[in-house]
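Okay, here's what each chain looks like letter by letter:
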Amino acid sequence: EIFEQIDPVLVKRYLDRGVHSPGYVMHFVDDKGQRREVRPGLDFTVLESRYPILLVHSQDETEGTLRNYLKEKYGRETDWGYTCTAVNQHDDMVEATLQSADGQSETVRCQYLIACDGANSRIRQQLALAQEGSDYAGTVLQNLDVELLDFPDKAEWIHYCMGSSHFVMVAKMQNGFTRLLMSQPADKADVN
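Here's what I pulled together on the structure shown here. Bear in mind the structure is a predicted one, so any value in this text is a computation, not a measurement.

**Notes on the overall build of the protein chain**
Each helix and strand in the protein chain was counted, giving four helices and 11 strands. Summarising its shape, the C-alpha atoms of the protein chain cover approximately 55 × 40 × 35 Å along the three principal directions. Scored against the burial criterion, the 192 residues of the protein chain give a buried share of 23%. Long-range contacts, defined here as pairs at least 24 residues apart, represent 51% of the contacts in the protein chain between residues at least 6 apart.

Structure, rendered in structure tokens:
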């Protein structure tokens with residue numbers, strides 16, 4: 001719906017390329033090793049939305065599609081190597097101070113500022129926006145794209161498997177691979 005505000009053509013590109021998932025199945029294992037599940041855990045098909053799905057799209061494909069669109073439509077390319085060092089909200093605009101790798105700063109004035117800078121967002125911190133839930137502090141997150149054979153459940157659903165101190169998320173990707181997102185306490189993670 002956010003991309004729709006930019007251009008319906010952009011929405012179609014994402015819908016055509018992504019995997020349409022109805023939502024999540026939640027799998028739990030408690031401290032005693034007992035397994036249970038909630039099916040569905042999150043069902044996006046019941047949402048009052050023009051897009052009642054969870055659209056699975058890899059980050060590089062998401063970025064690439066947007067970069068190509070901006071270049072085709074506006075003749076603009078993505079600028080890399082900048083850090084947002086300050087954000088000021090005004091009634092009619094947002095000011096962001098950007099610092100380049102060579103230390104030069106510039107102020108950009110825009111109608112919207114979209115923070116896509118992760119779980120410990122510098123933008124959110126600068127705006128003093130609280131984050132509900134975990135910030136994953138003390139946790140190592142790892143992505144792995146694999147060819148997963150004989151998956152014993154419905155692959156169109158995202159499977160979120162939770163233990164007492166870790167989780168594994170299993171999601172079918174548009175390229176035929178399956179994305180595994182795994183968490184591990186930092187003191188038990190093998191960073192090599």
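**As for the packing of helix α2 (residues 8–17) against helix α3 (residues 59–74)**
Contact geometry of α2 with α3 gives a least axis separation of 11 Å together with a crossing angle of 150 degrees. Classified by the angle between their axes, α2 and α3 sit roughly antiparallel to one another. In the packing of α2 onto α3, the handedness of the crossing is right-handed. Mapping the contact onto sequence places Leu10, Arg13, Tyr14 and Arg17 in α2 and Glu61, Thr62, Thr65, Leu66, Tyr69 and Glu72 in α3. Per-class residue counts for the contact of α2 with α3 are four nonpolar, two polar and four charged.

**Looking at α2**
Listed as buried for α2 are Leu10, Val11 and Tyr14. Seen along its axis, α2 keeps its buried residues to an arc of 100 degrees; they face one direction. Set apart from the buried face of α2 by more than 90 degrees, the exposed residues are Pro8 and Asp16. For α2, the side-chain oxygen to backbone nitrogen distance between the N-cap and valine 9 is 2.9 Å, and the N-cap itself is aspartate 7.

**Focus: the pattern of salt bridges**
Using the criterion set out here, one finds 11 salt bridges in the structure. Residue arginine 179 pairs with aspartate 145 through a salt bridge whose shortest N-O separation is 2.4 Å. Linking arginine 179 in strand β11 (residues 178–185) with aspartate 145 in strand β8 (residues 139–146), this pair joins segments that are 34 residues apart in sequence. On the basis of relative accessibility, which here comes to 18%, the residue arginine 179 falls in the buried class. Within this structure, Glu37, Arg39 and Asp153 form a network of salt bridges that share partners.

**A closer look at the sheet that holds strand β6 (residues 94–100)**
Strand order across the open sheet formed by three strands is β5-β6-β7, with antiparallel pairing between neighbours. At either end of the open sheet lies a strand with only one pairing partner, and these are β5 (82–89) and β7 (105–110). Each strand of the sheet is rotated relative to its neighbour by a mean of 25 degrees, with strand direction disregarded. In terms of strand pairing, β5 meets β6 through seven bridges, oriented antiparallel. The partner of cysteine 84 across the bridge, within β6, is leucine 98.

Reading the values: rules and limits
- Residues numbered from 1 in each chain as written.
- Predicted model: local features only at pLDDT ≥ 70, side-chain atom pairs only at ≥ 80, totals over all residues.
- Heavy atoms only, no water.
- Helix = DSSP H or I, 4+ residues; strand = E, 2+ residues; numbered from the N terminus.
- Buried < 20%, exposed > 50% of the residue type's maximum accessible area, 1.4 Å probe, protein only.
- Contact = heavy atoms within 4.5 Å.
- Axes fitted to C-alpha atoms, helices over the stretch in contact; angles between N-to-C directions.
- Parallel < 35°, antiparallel > 145°, perpendicular 65-115°, else oblique.
- Left-handed = near helix turned anticlockwise from the far one by under 90°.
- Nonpolar A, V, L, I, M, F, W, Y, C, P; charged D, E, K, R; others polar.
- Arc of directions from axis to C-beta.
- Polar contact = N/O pair within 3.5 Å; in protein donor to acceptor, adjacent residues only side chain to side chain.
- Salt bridge = Lys/Arg side-chain N within 4 Å of Asp/Glu carboxyl O.
- Pairing = 2+ DSSP bridges.

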